[in-house]
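Analysis of the macromolecular model
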4 protein chains.
Amino acid sequence: MKAHPPVSLSDIKPDLAIEAHEMFQGQHEGEIPGVSLVKENFSLGCRSTIKVLDDQGAQAMGKPIGTYITIEAPTILDSDRSDHEPVVEALVKALKEILPDKEQYTILVAGLGNARSTPDALGPMVTSRLVATRYLFTLNDPAMTEGLRSVSIITPGVTGVTGVETAEILEGLISQMQPDCLICIDALAAGELSRLHNTIQLSDTGIHPGSGIGNMRKRINKETVGIPVLAIGVPTVVQAGIIANKALTILTDRLEHAGDKSSMPLLITQKQREEVINEILQPFGGSLMVTPKEIDEQVDHTAQIIAKAITLAVHPGLATEDLEYFLH
Amino acid sequence: MKAHPPVSLSDIKPDLAIEAHEMFQGQHEGEIPGVSLVKENFSLGCRSTIKVLDDQGAQAMGKPIGTYITIEAPTILDSDRSDHEPVVEALVKALKEILPDKEQYTILVAGLGNARSTPDALGPMVTSRLVATRYLFTLNDPAMTEGLRSVSIITPGVTGVTGVETAEILEGLISQMQPDCLICIDALAAGELSRLHNTIQLSDTGIHPGSGIGNMRKRINKETVGIPVLAIGVPTVVQAGIIANKALTILTDRLEHAGDKSSMPLLITQKQREEVINEILQPFGGSLMVTPKEIDEQVDHTAQIIAKAITLAVHPGLATEDLEYFLH
Amino acid sequence: MKAHPPVSLSDIKPDLAIEAHEMFQGQHEGEIPGVSLVKENFSLGCRSTIKVLDDQGAQAMGKPIGTYITIEAPTILDSDRSDHEPVVEALVKALKEILPDKEQYTILVAGLGNARSTPDALGPMVTSRLVATRYLFTLNDPAMTEGLRSVSIITPGVTGVTGVETAEILEGLISQMQPDCLICIDALAAGELSRLHNTIQLSDTGIHPGSGIGNMRKRINKETVGIPVLAIGVPTVVQAGIIANKALTILTDRLEHAGDKSSMPLLITQKQREEVINEILQPFGGSLMVTPKEIDEQVDHTAQIIAKAITLAVHPGLATEDLEYFLH
Amino acid sequence: MKAHPPVSLSDIKPDLAIEAHEMFQGQHEGEIPGVSLVKENFSLGCRSTIKVLDDQGAQAMGKPIGTYITIEAPTILDSDRSDHEPVVEALVKALKEILPDKEQYTILVAGLGNARSTPDALGPMVTSRLVATRYLFTLNDPAMTEGLRSVSIITPGVTGVTGVETAEILEGLISQMQPDCLICIDALAAGELSRLHNTIQLSDTGIHPGSGIGNMRKRINKETVGIPVLAIGVPTVVQAGIIANKALTILTDRLEHAGDKSSMPLLITQKQREEVINEILQPFGGSLMVTPKEIDEQVDHTAQIIAKAITLAVHPGLATEDLEYFLH
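What counts and how
Every residue gets a number counted from 1 within its own chain, in the order that chain's sequence is written. To read the labels, note that chains go from A and ligands from 1, taken in the order they are written. Note on the predicted model: pLDDT of at least 70 is required for a residue's local features to be given, and 80 or more for side-chain atom pairs to be given and counted; whole-chain, interface and lining totals, by contrast, use all residues. Here the side-chain values reflect all heavy atoms present in the structure, with hydrogen atoms and water set aside. Counting from the N terminus, the helices are the DSSP runs of H or I reaching at least four residues and the strands are the DSSP runs of E reaching at least two. When we talk radius of gyration, it's over C-alpha atoms, and the globule rule is simply 2.2 Å times the number of residues to the 0.38. Type-normalised accessible area, obtained with a 1.4 Å probe on protein chains alone, sets the label of each residue: buried when under 20%, exposed when over 50%, and partly exposed for intermediate values. The charge count treats Lys and Arg as positive and Asp and Glu as negative. His and the chain ends do not count. Every charge is mapped to an atom, namely NZ of Lys, CZ of Arg, CG of Asp or CD of Glu. In a helix, the anticipated span is given by 1.5 Å times the number of residues less one. Contact definition: two residues touch when any of their heavy atoms are within 4.5 Å. By definition, the buried area sums, over both parts, the 1.4 Å-probe accessible area that each loses when the two are put together. Think of a salt bridge as a Lys or Arg side-chain nitrogen and an Asp or Glu carboxyl oxygen that are within 4 Å of each other. Contacts described as polar in this section are N or O atom pairs within 3.5 Å, which, within protein, must combine one atom able to donate a hydrogen with one able to accept it, while residues neighboring in sequence count only if both atoms come from side chains. A least-squares superposition brings the copies together, and it is based on the C-alpha atoms of residues with pLDDT no lower than 70 in both. Only strands that DSSP links by at least two bridges are regarded as paired with each other. An axis is simply a line fitted to the C-alpha atoms; with a helix, the fit covers only the stretch in contact. Between two such axes, the angle follows the N-to-C directions and lies from 0 to 180 degrees. Any angle from 65 to 115 degrees is called roughly perpendicular, while one under 35 is roughly parallel, one over 145 is roughly antiparallel, and all others are oblique. Definitions for this section: a left-handed crossing has its near helix turned counterclockwise from the far helix by less than a right angle. A right-handed crossing has that turn clockwise. Each residue is assigned to one class: nonpolar for Ala, Val, Leu, Ile, Met, Phe, Trp, Tyr, Cys and Pro, charged for Asp, Glu, Lys and Arg, and polar for all the others, Gly among them. Two cysteine sulfurs form what is called a disulfide whenever their separation falls within 2.5 Å. Confidence scores here are pLDDT values: one per residue, from the predictor, ranging 0 to 100. Buried Ala, Val, Leu, Ile, Met, Phe, Trp, Tyr and Cys residues form a nonpolar core when they are joined through side-chain atoms within 4.5 Å. Exposure above 30% relative accessible area and the absence of a salt bridge qualify a residue for a patch, where like charges join within 9 Å and nonpolar side chains (Val, Leu, Ile, Met, Phe, Trp, Tyr) within 5 Å. Only the protein chains shown count as cover for residues, with accessible areas throughout obtained via the Shrake-Rupley method and a probe of 1.4 Å.

Observations regarding the overall build of chain A
Check the secondary structure of chain A and you find 11 helices and nine strands. Taking 20 Å as the expected radius of gyration for a compact globule of 328 residues, we find that chain A reaches 21 Å, a close match to that expectation. Dimensions along the principal axes, computed over C-alpha positions, put chain A at roughly 80 × 45 × 40 Å. Expressed as a percentage of its 328 residues, the buried residues of chain A come to 61%. Averaging the locations of the 26 positively and 42 negatively charged side chains of chain A gives two centres separated by 3 Å.

As structure tokens, then:
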């Protein structure tokens, strides 16, 4: 059996900047130095813009300097999908803020993750819905490309299946194609169940394939690939260790609340907690994920939202009635 | 948002007979009346044969009268897949014990579950590997069917996607085709993480689609479809409620062991436990599943093992060198 | 090697009623007794309604008594898919004429054909885009089903892969589910290249799985399944024998036109022609199909058109803004 | 409608060197200068080794200087797949002759073509069956890699869908990964129906994606990617123009044979022939392909043969009993 890594609570770092922010605030008083946060509501949801401004902020957040926009909308989980429209709009607006601010540019969209494993299939599901337009620009017929920008698509697969690192494919391809911007879509791990499938994070700081689920691979960002990298992620799983830890926390809170401090020593240290958690989660430990049973529907919905938002944000002059022809 | 059912501990009934047996023995002294259990080791694994002999046994086990064979083999999880061979052999042997005991018979194999959701895709993955031979028997050329039996395949999909109940498809098709035997393959939910992806259960009592994961659908068994139904299942998930409950159990055990009984009242009733568990698991509650990150590989391995074993068990005269031509 | 059937010109019967009609008129003077034909233009296309009124008409056409509506629209092949909208509208109108004329009814949609073989994948591609609503009707919440009808979906696969006849699945399932109407979608074979991928045929006479491509299977119609059967088909291939035959025809026409009748005897009989055609097409003969290289795109476009039209025709009160939520 | 190119007989160049050779010999007397050909039989088939030795040979053949091995075996089409084994063996032998002649090397395998279009899906079907081993070599555990070489896999998709040229992905990735050798698998177009699905060509001269079916893309060979490129191809289609042309040829041969020369002028020039052919094939012209109805089975069989042969040829010490664990 493949050696499964034990759970290490200190290794569980939130993929979402908004969670890193909450975590820091849960442990410290006041503002986070070097970090700004602005919250706004939109119809049916809320948007947070976190800016990590300097090294001090990066240290506090455990996240690189840059902008992180989080769209939260419980309605993404709704069976009534007409409620998804405001989310698409909020996402289009956020994408346009981060995409290059010029008339024409070319874009490469990369769908990261494992198409064969539903909880990790968000990236490939988004790229399978997008329509590449780069070919149209080679025809030298302005009527064919009016209102469009040049979009190419890559679905690199996962290293475990292909033996190829995502960074190797993307770096190589970008050096050949010279697009102006890279958009990466990937499934993330959340720190809270309440964020699953209803939160979309955008950032301009690149991506760390597999970071949320424990496989540290080479980072993909402006430094490594030479062009701006816009990352879009949706949390589709929570590490099982977090669930087990939460059970312990709730119980000790209750004991404490009941004035029973005699049992506290049993769980006082992180090491003791990890011991209990690893006992619960053996033999799989840190590789166990929690995900809702309807994972296929939910990944399908968020993939649809993201594909639609990318298409609308990237092609400035796409008439609404033509949109469906630019989505599979 | 779809209303997610809360976790109800009393509703979590193990799909595996071996777990129902252990659970009963954990709560009662001595033998289970109306139930027999025989354990045997085989190379690299162990087989348990549980027979539920009468209504008293059925009541105690929460399982219908019939035979339940469990193949346990930790090597299924191994990356060295040559260790899978003894599991295939044990499964072939068990299948032959339950399959009709006559020279010729025809078989319908149904791959239940949702091909789009990896943890639920075991059934469709097995049927996608099998080769149907029924057509060969219509050619009236004995040379083409020597050593073979007539196999047909159906992959009915899940009600949530198709609107059609599995039982409706199978009952209808069986009344049309009149096969001698039905084999159903389905993913199960385990009560213990240690059983995930390394346990295969065979039974002659039919199948309850979706029972392990909370959707009670119409039972498929000899009574409902009129022919023997052989069910093959592999646990691919554990309900998250079980993990949370285990965390509480371990902690209270430790408290008790430490002689600290003062805090016991906090968790003494099942209702109190469920309250805590539902607090942990909100907003998804009973629909949350725990599964290893490598779910795609593991379902692939067990699907390969089961498809190979069915092919070897069903076709009595299949030469080893021809086996690969009867598997995709 | 599987014995490939030789081409037999008299066995090549057009799947399209409109072609049967043209063929008859090519060979006879005047009206076809027992058959009516009405042609209408719509924006960007044309619709023909053929009614086979009695046995005499059925004999002449080689088609059962009933209604055959053909939508012809060259724009289906366009890369500008906004030109598909009038085709969707014409199809919705035609579907509504054939669907049951009552307030509420339940529908089963069957996607026939082989999902693994692109030219034969139209049916499965349509059903993969449809959303089943039958489940919503079990919730007893009128708000969930307002404006909708109950739709279920089945994708039975092909006999060559599953060993199961399409008729066996459909007859069995219909006897279980008792829907009010069956819609079958299947790829057809055309008699003319000019009809490929730009013609959609609707009929109320049922379907003959595999008839266009030589596998005569059991017919699925009101007589065999007990409920009205609406068939939707699109020609995706032309038999290669037709191409070869056309080459011979064009050449002999030219010879004749050039006043050279001395060579006519070489091709005067159908048997002589078949001899030449089978020489050209060996070793595959009648199993060879002609199809455009962009087959995947073209099947995708027609599947999209048909799925959209079925959804709009079946659900009477579906608001335009909700349509996309009822299509994958 | 996309403008479909007319058929131009002089543009139809055979993908198979063996066909180029036959074509030259059909038009000229004697040996081809600068080209050698050796034929050998093996159990159930025959192997031809063509060497294009110099520029004169390259000119005559219309193929770059290098080695072209053709494995011809009618049994590939057999439903009795045990007859495929000698083909696998012949292919392994040929692969070993062309693969690097050293103890250790690393390999990148690229499956070219369109997974969504069955006649073009050979490449993706081969890569979906291969198991990447490169990851094992990063574990620094010699036991894990004994008898193996490092294999990585890429399935780049087609430009029409992704907007990315195959050459851009491969050149970029090779510059990043620095493998010692590239193996490309692609579907080819044959000049003769009799070669469909029963001929496998190996060459060391690289590949021209889409060349057989009319899309001239950037060549992938040692000059462009800097490492040896081994190409494996199987003809899965014949251009429809070839079928039409053959009909004309057979007919004129018959006329000539019958002593009727008066009609010859009608078809004497290539331009006249093309006129007739384009009349037959309109409106699709040069984009029409001929392929057998059972295309999915046949591509599946050849993909299985090629995946097995690559695995056996690349991993020198793979025990037969472990083979199935290195193939999906």
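Next, the rest of the story.
Concerning helix 3 (residues 85-98) of chain B
Side chains that are three or four residues apart share a direction in an α-helix, a result of its 3.6 residues per turn. All names here are of chain B. Over its 14 residues, helix 3 extends 20 Å from the first C-alpha to the last, a length consistent with the 20 Å expected when each residue adds 1.5 Å. Within helix 3 the residues assigned to the buried category are Pro86, Val87, Val88, Ala90, Leu91, Val92, Ala94, Leu95 and Ile98. Elements that come into contact with the buried residues of helix 3 comprise strand 1 (35-42), strand 2 (45-52), strand 3 (66-72), strand 7 (199-203), strand 8 (229-239) and helix 12 (295-314).

Considerations on the interface of chain C and chain B
Chain C puts 21 residues into the contact, and the matching count from chain B is 21 residues. Approximately 1,900 Å² of surface area, both sides summed, lies buried where chain C meets chain B, with 53% of it carried by carbon and sulfur atoms. Here chain C is connected to chain B by two salt bridges. Between Glu168(C) and Arg134(B) there is a salt bridge whose closest N-O contact spans 2.8 Å. Run the count over chain C and chain B and you get six residue pairs in polar contact (both at pLDDT 80 or more).

Looking at the relation of the copies chain B and chain A
The transform that puts chain B on chain A rotates by 180 degrees and translates by 0.0 Å along the axis, for an RMSD of 0.1 Å. Here the copies are linked by what is in effect a two-fold axis. Among all C-alpha atoms of chain B, that of Val290(B) lies closest to the rotation axis, at 2.2 Å. Take the interface residues of chain B: 100% of them recur as interface residues in chain A, which is what a same-surface contact looks like.

So, the environment of Asn221(B)
All names here are of chain B. Mapping Asn221 onto the fold places it in the loop between strand 7 and helix 9 (222-225). Once the C-alpha coordinates of Asn221 and Ala247 are considered, the two residues, 26 residues apart in sequence, prove to be 37 Å apart. The contact partners of Asn221, leaving out residues within four places of it in the chain, are Thr205, Gly206, Gly226, Ile227 and Val229.

Thoughts on the pairing of strand 6 (residues 181-190) of chain B
Residue and element names in this part refer to chain B. Among the 10 residues in strand 6, 10 count as buried, and that is most of the element. Residues Cys181, Ile183, Ile185, Ala187 and Ala189 line one face of strand 6 and the alternating positions Leu182, Cys184, Asp186, Leu188 and Ala190 line the opposite face, and both faces are buried. The pairing of strand 4 (residues 106-111) with strand 6 spans five bridges and is classified as parallel. If you follow Leu108 over to strand 6, its bridge partner there is Leu182.

Overview of the relation of the copies chain C and chain B
Relative to chain B, chain C is turned by 180 degrees and slid 0.0 Å along the rotation axis, the superposed coordinates differing by an RMSD of 0.0 Å. When the interface residues of chain C are mapped onto chain B, 100% of them are again interface residues, pointing to one common binding face.

Quick word on the interface of chain B and chain A
Counting from both sides, the interface comprises 51 residues of chain B and, opposite them, 51 residues of chain A. When chain B packs against chain A, close to 4,600 Å² is buried across both sides, 64% of that on carbon and sulfur atoms. Connecting chain B to chain A are zero salt bridges. At the junction of chain B with chain A, the criterion picks out nine residue pairs in polar contact (both at pLDDT 80 or more). Those elements that place two or more of their residues in the side of chain B that touches chain A are helix 10 (240-257), helix 11 (270-281), strand 9 (288-292) and helix 12 of chain B. No other element matches the 10 residues that helix 10 of chain B contributes to the side of chain B that touches chain A. Two elements, strand 9 (residues 288-292) of chain A and strand 9 of chain B, share five bridges in a ladder whose sense is antiparallel. Along strand 9 of chain B, the bridge assignment pairs Val290(A) with Val290(B).

Looking at the packing of helix 4 (residues 122-129) of chain B against helix 12 of chain B
Residues and elements named next belong to chain B. Put simply, helix 4 and helix 12 touch, their axes get as near as 8 Å, and they point 50 degrees apart. Between helix 4 and helix 12, the interaxial angle falls into the category oblique. Of the two elements, helix 4 crosses helix 12, and the hand of that crossing is right-handed. Along its contact with helix 4, which presents Leu122, Met125, Val126 and Arg129, the element helix 12 presents Val299, Asp300, Thr302, Ala303, Gln304, Ile306, Ala307 and Ile310. Looking at the contact of helix 4 with helix 12 residue by residue, the classes come out as eight nonpolar, two polar and two charged.

Points about the state of the cysteines
Tallied over the full model, the rule gives zero disulfides over all chains. The thiol of Cys184(D) is unpaired, and the distance to the nearest cysteine sulfur, on Cys181(D), comes to 9.4 Å.

Re the pairing of strand 4 of chain B
Residues and elements named next belong to chain B. Counting buried positions along strand 4 yields five of six residues, so the element is predominantly enclosed. The sheet contact formed by strand 4 and strand 5 (residues 150-154) spans five bridges and is parallel. Within the sheet, the bridge partner assigned to Ile107 lies in strand 5 and is Val151.

Concerning the confidence of the model for chain A
Overall, the prediction assigns chain A a mean pLDDT of 89, with 93% of residues at 70 or greater. With a pTM of 0.93, the predicted complex shows an ipTM of 0.91.

Describing the side chain of His21(A)
With respect to the helices, strands and loops of the structure, His21(A) is situated in helix 1 (residues 17-27). For His21(A), the residues in contact, after removing those within four places along its chain, are Ile32(A), Val35(A), Leu37(A), Ile50(A) and Met61(A).

Concerning unusual backbone geometry
A cis amide bond, omega 5 degrees, links Gln282(B) with the succeeding residue Pro283(B). Tracing the backbone through its elements, the reader meets Pro283(B) in the loop between helix 11 and strand 9. The phi dihedral of Leu44(A) is positive, around 75 degrees, even though this residue is not glycine. With respect to the helices, strands and loops of the structure, Leu44(A) is situated in the loop between strand 1 (35-42) and strand 2 (45-52). Judged by its relative accessible area of 41%, Leu44(A) falls in the partly exposed class.

A closer look at the environment of Val161(B)
Mapped onto the secondary structure, Val161(B) falls in helix 7 (residues 159-162). Looking at Val161(B), the relative accessible area reads 26%, which means it is partly exposed. Once you skip the residues sitting within four places of it in the chain, Val161(B) turns out to touch Asn114(B), Arg116(B), Ala132(C) and Ile153(C).

Notes on helix 1 of chain A
Ala17(A), Ile18(A), Glu19(A), Ala20(A), His21(A) and Phe24(A) are the residues of helix 1 of chain A that are buried. At its buried positions, helix 1 of chain A is contacted by strand 1, strand 2, helix 2 (55-61), strand 3 (66-72), strand 6 (181-190) and strand 7 (199-203) of chain A.

Re the side chain of Glu19(B)
With respect to the element layout, Glu19(B) can be found in helix 1 (residues 17-27). Beyond its immediate sequence surroundings of up to four residues, Glu19(B) is in contact with Pro14(B), Ala190(B), Gly191(B), Glu192(B) and Arg195(B).

Observations regarding the nonpolar core
Ranked by internal contacts, the top residues of the largest apolar core, which has 72 residues, are Leu281(A) and Leu281(B). With 59 residues, the next largest nonpolar core counts Leu193(C), Val276(C), Ile32(D) and Val290(D) among its residues.

Quick word on a nonpolar patch on the surface
All names here are of chain A. On the surface, a cluster of nonpolar side chains totalling about 250 Å² of accessible area is made up of Tyr135, Leu139 and Met144. Relative to the helices and strands, Tyr135 is located in the loop between helix 4 (122-129) and helix 5 (142-145). Of the residues examined, Tyr135 reaches a relative accessible area of 39% and is grouped as partly exposed.

Thoughts on the pattern of salt bridges
Within this structure, the stated rule accounts for 40 salt bridges over all chains. The salt bridge involving Arg195(C) is made with Glu22(C); its shortest N-O contact spans 2.8 Å. In this pair, Arg195(C) sits in the loop between strand 6 (181-190) and strand 7 (199-203) while Glu22(C) sits in helix 1 (residues 17-27), placing the two residues 173 residues apart along the sequence. Among the ionic pairs, Lys308(D) bridges to Glu85(D), the shortest N-O distance being 3.0 Å. On the criterion of sequence distance, the pair formed by Lys308(D) in helix 11 (residues 295-314) and Glu85(D) in helix 3 (residues 85-98) is long-range, its members being 223 residues apart. One continuous salt-bridge network, built from bridges that share partners, spans Glu19(A), Glu22(A), Glu72(A) and Arg195(A).

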